[in-house]
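Report on the structure
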Amino acid sequence: MSTTIPVAPTAPAGGAVTLPRTISSEWIKFRTLWSSVLVATISVVGMIGVGWVGSFFTNADWAHMRPRELARFDPVVTSLNGYTVAELAVGTLGVLLVTGEYSTGMIRATMAAVPARLPVLWAKLIVFTCLTAVLMVPTSFVSFLGGQALLGTHSTSLSAPGVLRVVVATGVYLTLVGVLGIAFGALVRNTAGGIAALFGVLLVLPAIVGVLPSSWQDTIGPYLPANAGQAALSVIPDPAALAPWTGMAVFAAYAVIATVVAAVLLRRRDV
Amino acid sequence: MIEARDVTKRYGQKAAVSDLTFTVRPGIVTGFLGPNGAGKSTTMRMIVGLDAPTSGSVTVNGKPYAEHSAPLREVGALLEARAIHTGRTARNHLLALAATTGIGRSRVDELIDLVGLSDVANKRVRGFSLGMGQRLGIASALLGDPKTLILDEPVNGLDPEGILWIRNLLRSLAAEGRTVFVSSHLMSEMALTADQVIIIGKGRLLADVPVADVVARAAGAHVKVRAPDATTLSALLAGPDVTVTTTGADTLEVAGLGSEEIGTIAADHRIALFELTPIHGSLEEAFMELTRDAVEFGTPGTAEPPPAMSTSTGGRR
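Model, not experiment: these values are computed from the prediction.

This part is about the packing of aromatic side chains. By the definition in use, this model includes nine aromatic pairs over all chains. Taking 4.9 Å as the distance between ring centres and 20° as the angle between the ring planes, the aromatic pair formed by Tyr173(A) and Phe251(A) counts as stacked. Here Phe251(A) lies in helix H12 (residues 244-268) and Tyr173(A) lies in helix H8 (residues 163-188), a separation of 78 residues in the sequence. In terms of burial, Tyr173(A) and Phe251(A) fall into one category: buried. Between Phe22(B) and Phe32(B), the aromatic rings sit 5.8 Å apart at their centres with planes inclined by 45°, giving tilted as the arrangement. Pair noted here: Phe22(B) is in strand S2 (residues 14-24) and Phe32(B) is in strand S3 (residues 29-33), with a separation of 10 residues, a long-range link. On the accessibility criterion, Phe32(B) (0% relative accessible area) is buried.

Printed below as a string of structure tokens:
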């Protein structure tokens, strides 16, 4: 290596930091990280795989199914059961998109490039929300349609009452889980803590409320984030839950609140 | 140009930086020295807006960092540790940063060549050595061709070739009229790289002086003399301001006389000399004296010159 350094200042083209540029930067960050591509793939393949395999064996084992299983059987649920895999993957990925920057120190470079800070959060939300919506809604359809084909004579169709709503809502629910993941990642700034907080709220909180007296459960239960969001995921609405899209709106409100708190803290805290 | 005015940063009760005021001028390399924990990194983080000062203000090229519409074009920063996601390749890391400011792919490729990472540009940073990581950090800092550069411990952990490379790079950047602000806890490194040093200890300003002044404090401590007839020579050298210490059968340490004078006296008396070595005082010691004063007396900027540094054998590299 030479010891005289020609720092040829080829003046870079002018221009300021803008939201579209920040979005393009976040998109580069997303697609150039092997882990994010892997987890996104797991969410798609996992959801479809579980739905299809479950549907195939339900059909194959139909003659041997116990009466209790038959009574609970729902072709929509069977084909979309893999959404829990996608929920874990998408939620984790949302958290990682933020906390991965904190754990590696990348956040310092990011925030030095965009010192207004908030555009980074918006850009991450926009990139990831678009991506999960584009992946998860079609995945939900593929999972459902393939599952119905594999269920053979026990299948249902999109035109049956409530079915289209469930298929669409599953994709929307997963997208909102991703938004919550980013918000929790930005709030906690630590991968393990962020994932624990997210799934604590989504999975553990309903279980905790489950030990309370039933009158409390009836009052609080429907408004828990996961319960509210999942109200739209059953074909015949559960009378104890909120109305399907009302519940989804409540779930979305939680995501918005978490995002706003994350934004306020992002402005206030030192990086 | 970096201007800090009465900057204080507190974490709870503890002040990391207290009433720090200094100016970093363009066209020279300014060293930022202090022991570990003195507040160097905190100060640099405040310059680029990662930490907010509790009070006071820092401006870069006339404005607070965050108010620049394209900060990467104003200031390039290499901050402590690596600010790099190790799962990404070097090129993609630079492309992602460049995208925020609309800096093109050609500039990224140019910088990869400049810092000598062409062979590994498409490899993930996880496998990089410390030196390669520092080079990538420097490439990130130079992306926007900034007028001001801030580098936190850029030579930390580098091999001699890397240190030389960074030293030359910093000097050439300053020669182009840029403001170069570089922190270190090694006075000896700054003596070779910087023109001016800002020294802090416990978050307070201790000195803002030309490097030459610090070097002068440490220079000419004593001369090591080896002669078969050391006893005779010792008697000949004795004088009011001269201290001669016998350190071995044929070895003397002489303070107060230069090697020229000692050599001349020995020649006049036909005394054979085996060795005549001027030993400079250690810059590290001069630096430690400066910072120790601050710790002991807590009075910024009034450190007295250290009394004597005759025992060191460190010398300047």
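Next comes the rest of the account.
This paragraph deals with the domain arrangement of chain B. Partitioning chain B into structural domains gives domain 1 (2-216) and domain 2 (222-279). Spacing between the C-alpha centres of domain 1 of chain B and domain 2 of chain B amounts to 46 Å.

On average, residues of chain B carry a pLDDT of 85, and 87% of them reach 70 or more. Per-element confidence in chain B ranges from a low mean pLDDT of 63 for helix H11 (residues 283-297) of chain B to a high of 96 for helix H3 (residues 90-99) of chain B.

This part takes up the interface of chain A and chain B. Listed per partner, the contact involves 39 residues of chain A and 52 residues of chain B. A buried area of about 3,700 Å², summed over both sides, lies between chain A and chain B, and 59% of it is on carbon and sulfur atoms. Here chain A is connected to chain B by one salt bridge. A salt bridge links Lys9(B) to Asp270(A), with the nearest nitrogen and oxygen atoms 2.6 Å apart. The interface formed by chain A and chain B holds 11 residue pairs in polar contact (both at pLDDT 80 or more) in total. Residues belonging to the side of chain A that touches chain B are distributed by class as follows: 21 nonpolar, 13 polar and five charged.

All names here are of chain B. Both strand S11 (residues 243-248) and strand S12 (residues 251-255) contribute to a ladder of five bridges, which runs antiparallel. Residue Thr246 lies in a different strand from S12, and its bridge partner there is Leu252. Connecting S11 to the next strand, S12, in antiparallel fashion are two residues.

Here Leu20(B) shows up in strand S2. Once the C-alpha coordinates of Leu20(B) and Glu261(B) are considered, the two residues, 241 residues apart in sequence, prove to be 45 Å apart.

Pairs can form between side chains of opposite charge once their charged atoms are near each other. Considering all chains together, one arrives at 19 salt bridges over all chains under this definition. As a salt-bridge pair, Arg45(B) and Asp51(B) come within 2.8 Å of each other at their nearest N and O atoms. Among the residues examined, Arg45(B) registers a relative accessible area of 11% and is labelled buried. For Asp250(B), the salt bridge is made with Arg226(B), and the minimal N-O distance between the two is 3.4 Å. A residue pair is termed long-range when its members are at least 10 positions apart, and Asp250(B) in the loop between S11 and S12 and Arg226(B) in strand S10 (residues 222-226) qualify at 24 residues. It is possible to trace a salt-bridge network through shared partners that takes in Glu26(A), Lys29(A), Glu101(A) and Lys124(A).

All names here are of chain B. Positionally, Ser259 belongs in helix H10 (residues 259-268). Take Ser259: its relative accessible area is 19%, and that puts it in the buried class. Aside from chain neighbours lying at most four places away, what touches Ser259 is Val223, Leu276 and Pro278.

Turning next to the sheet that holds strand S8 (residues 196-201) of chain B. Residues and elements named next belong to chain B. Read from one edge of the open sheet, six strands run S5-S6-S7-S3-S8-S9, paired in mixed fashion. The open sheet terminates on both sides in strands that have one partner only, identified here as strand S5 (75-78) and strand S9 (204-210). Between one strand and the next, the sheet's axes are offset by a mean angle of 15°, whatever the strand orientation. With respect to the sheet, helix H5 (residues 130-142) is in contact with S5 and strand S6 (148-152), its orientation differing from that of S5 by roughly 165°. Sheet strands touched by helix H6 (residues 160-175): S3, S6 and strand S7 (179-184). Its angle to S7, the strand with the most contacts, is close to 150°.

Residue and element names in this part refer to chain B. With antiparallel pairing, four strands are arranged side by side in an open sheet as S11-S12-S10-S13. Two strands lie at the open edges of the sheet, namely S11 and strand S13 (275-279), each paired on one side alone. Looking at each pair of strands side by side, their axes are set apart by 20° on average, direction ignored. In this sheet, S13 lies alongside S10 in antiparallel orientation, the contact comprising five bridges. Its bridge partner being in S13, Val225 is matched across the sheet by Leu276. Where helix H9 (residues 230-237) meets the sheet, it contacts S10, S11 and S12, and its direction lies at approximately 10° from that of S12. The strands touched by H10 within the sheet are S10, S12 and S13, with S13 carrying the most contacts at an inclination of about 160°.

What counts, and at which threshold
- Residues numbered from 1 in each chain as written.
- Chains lettered and ligands numbered in written order.
- Predicted model: local features only at pLDDT ≥ 70, side-chain atom pairs only at ≥ 80, totals over all residues.
- Heavy atoms only, no water.
- Phe/Tyr/Trp six-rings, centres within 6.5 Å; stacked < 30°, edge-to-face > 60°.
- Helix = DSSP H or I, 4+ residues; strand = E, 2+ residues; numbered from the N terminus.
- Buried < 20%, exposed > 50% of the residue type's maximum accessible area, 1.4 Å probe, protein only.
- Domains from an automatic or database assignment.
- pLDDT = per-residue confidence, 0-100.
- Contact = heavy atoms within 4.5 Å.
- Buried area = accessible area lost by both parts, 1.4 Å probe.
- Salt bridge = Lys/Arg side-chain N within 4 Å of Asp/Glu carboxyl O.
- Polar contact = N/O pair within 3.5 Å; in protein donor to acceptor, adjacent residues only side chain to side chain.
- Nonpolar A, V, L, I, M, F, W, Y, C, P; charged D, E, K, R; others polar.
- Pairing = 2+ DSSP bridges.
- Axes fitted to C-alpha atoms, helices over the stretch in contact; angles between N-to-C directions.

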